[in-house]
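One letter stands for each residue in the lines below.
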Amino acid sequence: MAPNGNLNKESSIRDLIDQKKQKRSISNFSERSIPVVLFLFAAVSILTTIGILYTLLSETISFFQEISIVDFFTGTVLKPLSQNPEFGVLPLINGTIISSLIAMLVAGPIGIMTAVYLSEYATDKVRRILKPILEVLAGIPTIVYGFFAFTFVTPVLENIIPSLGATNILSPGIVMGVMIIPMIASLSEDAMTSVPNAMREGALALGATKLETTFRVVIPAALSGIIASFVLGISRAIGETMIVTIASGSSKNFTFDVTQSMQTMTAYIVEVSGGEAPAGSTIYYSLYAVAMTLFVFTLIMNLLARYISRKFREEY
Amino acid sequence: MKYIDQEQVQNKMSSRLIKNNILKTLFALATMFGIVVLVILIVRVLTQGLAWIDMDFITGKLSTNADRAGIMGAILGTLWLMAVVIPVTLVLGVATAIYLELYAPKGKLQAIIQTNIANLAGVPSIVYGLLGLTVFVRAMEFGNVVLAGGLTLSLLVLPIVIVAAQEAIRAVPQHLSEASFGMGATKWQTVKNIVLPAALPGILTGAILALSRAIGETAPLTVIGIPALLIPFPEGIFDSFTVMPMQIYYWTIDSVLVEEYAYLAAATIIVLLLMLFILNSIAVIIRNKFQRRY
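On a predicted model such as this, the values are computed, not experimentally measured, just so you know.

*Asks:* Run through the packing of aromatic side chains, naming residues and quoting values.
*Replies:* The description of two aromatic rings rests on the distance between their centres and on the angle between their planes. Counted according to the given criterion, the structure contains 15 aromatic pairs over all chains. Aromatic side chains Tyr121 of chain A and Phe27 of chain B sit 5.8 Å apart centroid to centroid with 50° between the ring planes, which places their arrangement in the tilted category. Of this pair, Tyr121 of chain A sits in helix H3 (residues 90–121) while Phe27 of chain B sits in helix H1 (residues 6–49), placing the two residues on different chains. With centroids separated by 5.1 Å and ring planes inclined at 20°, the aromatic side chains of Phe148 of chain A and Phe152 of chain A adopt a geometry described as stacked. Here Phe148 of chain A pairs with Phe152 of chain A, and both are found in helix H5 (residues 142–160), just 4 residues apart, close to one helical turn. The class of Phe152 of chain A is partly exposed, set by a relative accessible area of 22%. Through pairs of rings, three or more aromatic residues link up here, namely Phe63, Phe64, Phe72, Phe73 and Phe87 of chain A. Sitting above the plane of the Phe233 of chain B ring, Lys61 of chain B keeps its charged end 5.1 Å from the centroid. Positioned over the ring face of Tyr103 of chain B is Lys187 of chain B, at 4.6 Å from the centre of the ring.

Listed below in structure tokens is the structure:
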């Protein structure tokens, strides 16, 4: 009996060891395969970029086989639907730049003044109330701003400027500016609050007022962050779609008169794709050429913002 | 003998102090500007739309007749869209964040993925619409259904979820995972049982904010092509659909033809903003209640 019992015990221990080995090999396998699976998921973001670049590039190339690239970038007439269609992108670039300029004229000064107030003047309590409210402003869908620009701001402006068209670039430009205020304010405020207090105290101890401290010490020290926030704001304005689509109409005017309707690159994409341009037609390819131009514009702005905030950051 | 002429100091100081106070008021007014616009916007939408909201409007079908139009189809469309966006962004976003924070070898590859995500966050939403149109609607032949729209919006908000999840994972203190390793747990067991649960509130907060961005988004959907007057309700992710922002868009531009459409748009905006408000409140509650500080 005794040897038999020993044998039993031995075999059961061996079983346990085998089981353990098997378990470990399973967990070893999953330990080794999990990084691979995770990498595949992470690769989706790379694939997205490749997808964007590939679709834009391939269709843009098809477009430039039909329309010369020089005519596209120097043409001031855009008549995609006429009998003799003309595809000059300048009216769209003009509309995009003008609407972004108007937006920045509103958002730039107000955004930076808001940032100064929140970071230098406001008490903690006031800041804790004001900041979340400004964040609400940033969270409102752009379609709501579009509705607001079209049904409220344009009629109000019409009282001041009687010659204003029912669709014009001024009103969406201003509303876009309001939309961008929170972004510029919060990024600039971050830059200002990261300026060490010792520097403020130094200026104040020398007898400077708060205002002088702000303009001679804090803002120069935070300048790279502030400029970067402006550039990001411009990029946001260039890519904004719904506000200009609704409130600025679809006339492809090449003009500098802000009371007139102009079309931006984004609004053109909405108009043409919404009209269900047949795949393969020149007008369908023009969609991608315009989108490519838009993509390059915003990419340059984003890279510029990152370059400025890295290169010119003052380290303390 | 007096070294300091008090009067002269007073004279010099007072103009500087006045300037300081004037500009302080100006800065405060500038801060109020944004808030005043927000109040005007909300009051305006409420006065135009509130009277049009009733049970028939919420549960009714779309119609060209303003008195009979309802937005149930658009609400269902938004909900179906969420049913696609939530799982896709959570799985992709969290997996990418775990990979980047815990698994990726520190080096070029990680830097490339990270830079790429930062760049994707800056791509205009309308460009994602073209990607969706080309890849999901045309190449994969989904057509303009919920799935195509949902995948497009998922890619659009993915960077937000990834960055939020990365921050949440980074905020989990090292000693928690070290304790887990010390007990003999493997890396994946540590990630699954220790890091993820601790990071979950942060991840969910980010995911909800991304979701509210997705359901308010209009531009990519205009490119994919959403019918202006879709009467049947969507019953699954392979059905055609419309969503609240698209309905607001169509009613706003058509308000030139039929004045009442502006009120319908305002009423839809109220419903949409209410939904966003609820989502954001949930995010705030999760952040305040479950976010632990170590």
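*Asks:* Please give an account of the pattern of salt bridges that cites residues and values.
*Replies:* Residues and elements named next belong to chain A. Overall, the coordinates contain 7 salt bridges over all chains when judged by the stated rule. Here Glu189 makes a salt bridge to Lys131, at a shortest N to O gap of 3.2 Å. Within this pair, whereas Glu189 is found in helix H6 (residues 170–193), its partner Lys131 is found in helix H4 (residues 124–139), the two being separated by 58 residues in sequence. Owing to a relative accessible area of 27%, Lys131 belongs among the partly exposed residues under this scheme. As a salt-bridge pair, Glu271 and Lys252 come within 2.9 Å of each other at their nearest N and O atoms. In this pair, Glu271 sits in helix H10 (residues 265–274) while Lys252 sits in the loop between helix H9 (242–247) and H10, placing the two residues 19 residues apart along the sequence. A relative accessible area of 30% places Glu271 in the partly exposed class.

*Asks:* Summarise the domain arrangement of chain B; cite the residues concerned and give the values.
*Replies:* Residue and element names in this part refer to chain B. Assigned domains within chain B: domain 1 (6–52) and domain 2 (57–290). Once you take the C-alpha centre of each, domain 1 and domain 2 turn out to be 36 Å apart. Counting each side, the surface lost to burial between domain 1 and domain 2 is near 750 Å², with a carbon and sulfur contribution of 81%. When the buried area of domain 1 at its contact with domain 2 is split by residue, Val45, Gln48 and Trp52 rank highest and sum to 78% of it. Where domain 1 packs against domain 2, one counts 0 residue pairs in polar contact (both at pLDDT 80 or more). Looking at side-chain class alone, the side of domain 1 that touches domain 2 contains 4 nonpolar, 2 polar and no charged residues.

*Asks:* Describe a nonpolar patch on the surface, naming the residues involved and giving the relevant values.
*Replies:* Side chains of Leu274, Phe277, Ile278 and Ile282 of chain B sit close together on the surface and give an oily, nonpolar patch of about 410 Å² of accessible area. Locating Leu274 of chain B in the fold gives a position in helix H11 (residues 260–290).

*Asks:* Help me get a handle on the side chain of Thr266 of chain A, residues and values and all.
*Replies:* Within the element layout of this structure, Thr266 of chain A appears in helix H10. Thr266 of chain A gets classed as buried once you look at its relative accessible area, which sits at 0%.

*Asks:* Kindly report on helix H10 (residues 244–254) of chain B, identifying the contributing residues and their values.
*Replies:* Owing to its 3.6 residues per turn, the α-helix brings residues three or four apart onto one side. Among the 11 residues in H10 of chain B, 9 count as buried, and that is most of the element. The complete set of buried residues in H10 of chain B reads Met244, Pro245, Met246, Gln247, Ile248, Tyr249, Tyr250, Trp251 and Thr252 of chain B.

*Asks:* How would you sum up the interface of chain B and chain A? Please name residues and give values.
*Replies:* Taken together, the contact between chain B and chain A spans 74 residues of the former and 71 residues of the latter. Counting the surface lost from both chain B and chain A, the interface buries some 6,300 Å², and carbon and sulfur atoms represent 79% of this. A salt bridge links Glu212 of chain A to Arg16 of chain B, with the nearest nitrogen and oxygen atoms 2.7 Å apart. Joining chain B to chain A, the criterion identifies 13 residue pairs in polar contact (both at pLDDT 80 or more). In terms of residues, the side of chain B that touches chain A owes the most to one element, H1 of chain B, which gives 21 residues.

*Asks:* Describe the nonpolar core, naming the residues involved and giving the relevant values.
*Replies:* Grouped together as the largest cluster of nonpolar side chains are 151 residues, with contacts concentrated most on Ile52, Leu56, Tyr145, Met192 and Ile269 of chain A together with Leu130 of chain B. The leading source of residues in this core is H3 of chain A, at 16 residues. Setting aside residues up to four positions removed in sequence, Ile269 of chain A forms contacts with Gly274, Leu287, Val290, Ala291 and Leu294 of chain A together with Ile126, Leu130 and Val223 of chain B. Counting residues in each nonpolar core, the second largest holds 24 residues, with Leu38 of chain A together with Tyr99, Ala168 and Ala199 of chain B among its members.

*Asks:* Lay out the packing of H1 of chain B against H11 of chain B with the relevant residues and their values.
*Replies:* Residue and element names in this part refer to chain B. With their axes 8 Å apart at the nearest point, H1 and H11 run at an angle of 120° to one another. In terms of orientation, H1 and H11 fall into the oblique class. In this structure, H1 crosses over H11, and the sense of that crossing is left-handed. Where H1 approaches H11, its residues Val45, Leu46, Gln48 and Gly49 are matched on the opposing element by Tyr263, Ala266, Ala267, Ile269 and Ile270. For the contact of H1 with H11, a count of residues per class yields 7 nonpolar, 2 polar and no charged.

*Asks:* Can you break down the domain arrangement of chain A residue by residue, with the values?
*Replies:* Interface extent is often summarised as the accessible area lost during association of the parts. Residues and elements named next belong to chain A. Each assigned domain of chain A is listed here: domain 1 (2–66) and domain 2 (78–311). For domain 1 and domain 2, the distance between their C-alpha centroids amounts to 45 Å. Counting from both sides, the interface comprises 10 residues of domain 1 and, opposite them, 10 residues of domain 2. When the buried surface of domain 1 facing domain 2 is broken down by residue, Leu56, Glu59 and Phe63 rank first, second and third, together holding 55% of it. In this structure, the connection of domain 1 to domain 2 is made through 0 salt bridges. Across the side of domain 1 that touches domain 2, the residue classes tally to 5 nonpolar, 3 polar and 2 charged.

*Asks:* Which residues make up the environment of Val137 of chain B, and what values do they have?
*Replies:* Residues and elements named next belong to chain B. Residue placement: Val137 occurs in helix H5 (residues 125–139). You can call Val137 buried: its relative accessible area is 13%. When the C-alpha positions of Val137 and Leu147 are compared, they lie 9.3 Å apart, and in sequence the two are 10 residues distant.

So, how was this worked out
Residues numbered from 1 in each chain as written. Chains lettered and ligands numbered in written order. Predicted model: local features only at pLDDT ≥ 70, side-chain atom pairs only at ≥ 80, totals over all residues. Heavy atoms only, no water. Phe/Tyr/Trp six-rings, centres within 6.5 Å; stacked < 30°, edge-to-face > 60°. Helix = DSSP H or I, 4+ residues; strand = E, 2+ residues; numbered from the N terminus. Buried < 20%, exposed > 50% of the residue type's maximum accessible area, 1.4 Å probe, protein only. Lys NZ or Arg CZ within 6 Å of the ring centre and 35° of its normal. Salt bridge = Lys/Arg side-chain N within 4 Å of Asp/Glu carboxyl O. Domains from an automatic or database assignment. Buried area = accessible area lost by both parts, 1.4 Å probe. Polar contact = N/O pair within 3.5 Å; in protein donor to acceptor, adjacent residues only side chain to side chain. Nonpolar A, V, L, I, M, F, W, Y, C, P; charged D, E, K, R; others polar. Patch = residues over 30% accessible without salt bridge, like charges linked within 9 Å, V, L, I, M, F, W, Y side chains within 5 Å. Areas by Shrake-Rupley, 256 points an atom, 1.4 Å probe, with all protein chains shown as cover. Contact = heavy atoms within 4.5 Å. Core = buried A, V, L, I, M, F, W, Y, C linked by side-chain atoms within 4.5 Å. Axes fitted to C-alpha atoms, helices over the stretch in contact; angles between N-to-C directions. Parallel < 35°, antiparallel > 145°, perpendicular 65-115°, else oblique. Left-handed = near helix turned anticlockwise from the far one by under 90°.

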